[in-house]
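Residues per chain, in single letters:
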Amino acid sequence: MTGSIQTNRKSRRGFTLTEVLIASSIGFMVSASIVSTFIWTGKQSSLCSKIAWSQTEAMRTSGKIESYLRNAQCITAIDQTNGNWVEVRFVNGTTNRFTYYNAPNTARDGKMYLTRTNTQETLVAYGLTKIMSTNGYPQAMFTKINERAIRVAFRVSEPTPNGNRASDDELYFACARFAVCLRNATY
């Protein structure tokens, strides 16, 4: 009997259906894990890119605003109701106003403008929004601490490919909160 089993094995060429099914399922599992790892890596790379853009833009914008406000002499006016603008005067007598504006019905598309005494308006930053409180209300972007100091708070996130802001940017937005003391303030 052992001779006939050996004869069957020697005459057989190829694989059995069971062997093919097992090999196919193992190959499918390996391929599926490679594809899912590739997709996950792509998503993480995209998320990291958005985080880096948001943080860089927050630092760049913070630096610009801080350098302007730090060289001011006094706070001449501030929006006490919504905290959307602040106006400061410099030693040379010029007055600059930072204004935050977000058009109605647009998500996360706020812009920060700097208007100088000669009415020259400059775009300082885009993609800004106010930071929300724990109750869901927007916090003031500009808050007067005292006669010589201003608190600034905003959030920024990378735009979507079509240029709009994503309404679900919780994973990659950056918050900027800082206070600026007016360097040239008179006591």
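About the criteria used
- Residues numbered from 1 in each chain as written.
- Predicted model: local features only at pLDDT ≥ 70, side-chain atom pairs only at ≥ 80, totals over all residues.
- Heavy atoms only, no water.
- Salt bridge = Lys/Arg side-chain N within 4 Å of Asp/Glu carboxyl O.
- Buried < 20%, exposed > 50% of the residue type's maximum accessible area, 1.4 Å probe, protein only.
- Core = buried A, V, L, I, M, F, W, Y, C linked by side-chain atoms within 4.5 Å.
- Helix = DSSP H or I, 4+ residues; strand = E, 2+ residues; numbered from the N terminus.
- Contact = heavy atoms within 4.5 Å.
- Expected span 1.5 Å × (residues − 1).
- Pairing = 2+ DSSP bridges.
- Phe/Tyr/Trp six-rings, centres within 6.5 Å; stacked < 30°, edge-to-face > 60°.
- Lys NZ or Arg CZ within 6 Å of the ring centre and 35° of its normal.

J.: What am I meant to see in the pattern of salt bridges here?
T.: Oppositely charged side chains are able to pair whenever their charged atoms sit close together. Applying the stated rule across the entire model yields four salt bridges. Across the pair Glu147 and Lys144 runs a salt bridge whose closest N-O atoms are separated by 3.1 Å. Overall, Glu147 belongs to the exposed group, its relative accessible area being 55%.

J.: Looking at this model, I keep getting lost on the nonpolar core. Mind explaining?
T.: Soluble globular proteins: nonpolar side chains tend toward being buried together. Residues Ile65, Leu69, Val86, Phe98, Met112, Phe142 and Ile150 are the most contacted members of the largest nonpolar core, which totals 28 residues. Those elements that provide at least two residues to this core are α2 (17-70), β1 (74-78), β2 (85-89), β3 (95-101), β4 (110-115), β5 (121-129), β7 (149-156) and β8 (174-181). Those residues within four positions of Phe98 in sequence are excluded, and the remaining contacts are Ile65, Tyr68, Leu69, Asn84, Trp85, Val86, Met112, Tyr113, Leu114, Val124 and Phe142.

J.: What's the story with the side chain of Asn96 in this structure? I'm lost.
T.: The topology assignment puts Asn96 in strand β3. Taking relative accessible area as the criterion, Asn96 reaches 7% and is therefore assigned buried. Non-local contacts of Asn96, meaning those with residues more than four positions away in its chain, are made with Tyr68, Val86, Glu87, Val88, Phe90, Leu114, Thr115, Arg116 and Thr117.

J.: Mind showing me how you'd approach α2 here?
T.: In an α-helix, one turn spans 3.6 residues, which is why side chains three or four residues apart end up on the same side. Relative to the 80 Å expected for 54 residues at 1.5 Å per residue, α2 spans 78 Å between its end C-alpha atoms, a close match to the ideal helical length. Along α2, the residues that are buried comprise Leu47, Ser54, Glu57, Ala58, Thr61, Ser62, Ile65 and Leu69. Buried residues belonging to α2 abut β2, β3, β4, β5, β7 and β8.

J.: Explain the pairing of β2 here, please?
T.: Pairing geometry for β1 and β2, over four bridges, is antiparallel. Residue pairing across strands places Cys74 opposite Arg89, the latter belonging to β2. Inspection of the sheet shows β2 paired to β3 by five bridges, in the antiparallel sense. Within the sheet, the bridge partner assigned to Glu87 lies in β3 and is Arg97. The antiparallel pairing of β2 with β3 creates a hairpin that spans five residues between the two strands, and Gly93 there sits at a positive phi of about 95°.

J.: What am I meant to see in the packing of aromatic side chains here?
T.: Aromatic rings considered in pairs are described by the distance between their centres and by the relative angle of their planes. Summed over all chains, the structure comprises three aromatic pairs. Relative to Phe98, the ring of Tyr68 lies with its centre 5.7 Å away and its plane at 65°, an arrangement referred to as edge-to-face. With Tyr68 in helix α2 and Phe98 in strand β3, the pair connects residues that are 30 residues apart, well separated along the chain. The class of Tyr68 is partly exposed, set by a relative accessible area of 26%. For Phe98, a relative accessible area of 1% puts it in the buried group. Summarising the aromatic geometry, the rings of Phe154 and Phe178 are spaced 6.5 Å apart at their centres and angled 90° between planes, so their arrangement reads as edge-to-face. Of this pair, Phe154 sits in strand β7 while Phe178 sits in strand β8, and the two are 24 residues apart along the sequence. Aromatic rings pair up to connect Tyr68, Phe98 and Phe142 into one cluster. Above the plane of the ring of Phe173 lies Arg155, whose end atom (NZ or CZ) is 3.9 Å from the centre.

J.: Explanation requested: the environment of Phe154 in the structure shown.
T.: Given the relative accessible area of 0%, Phe154 is considered buried. Along the backbone, Phe154 and Ala58 are 96 residues apart, and their C-alpha atoms lie at a distance of 8.5 Å. What Phe154 contacts, discounting residues up to four positions off in sequence, is Ala58, Thr61, Ser62, Ile65, Leu128, Thr129, Ile131, Met141, Ala174, Cys175, Ala176 and Phe178.

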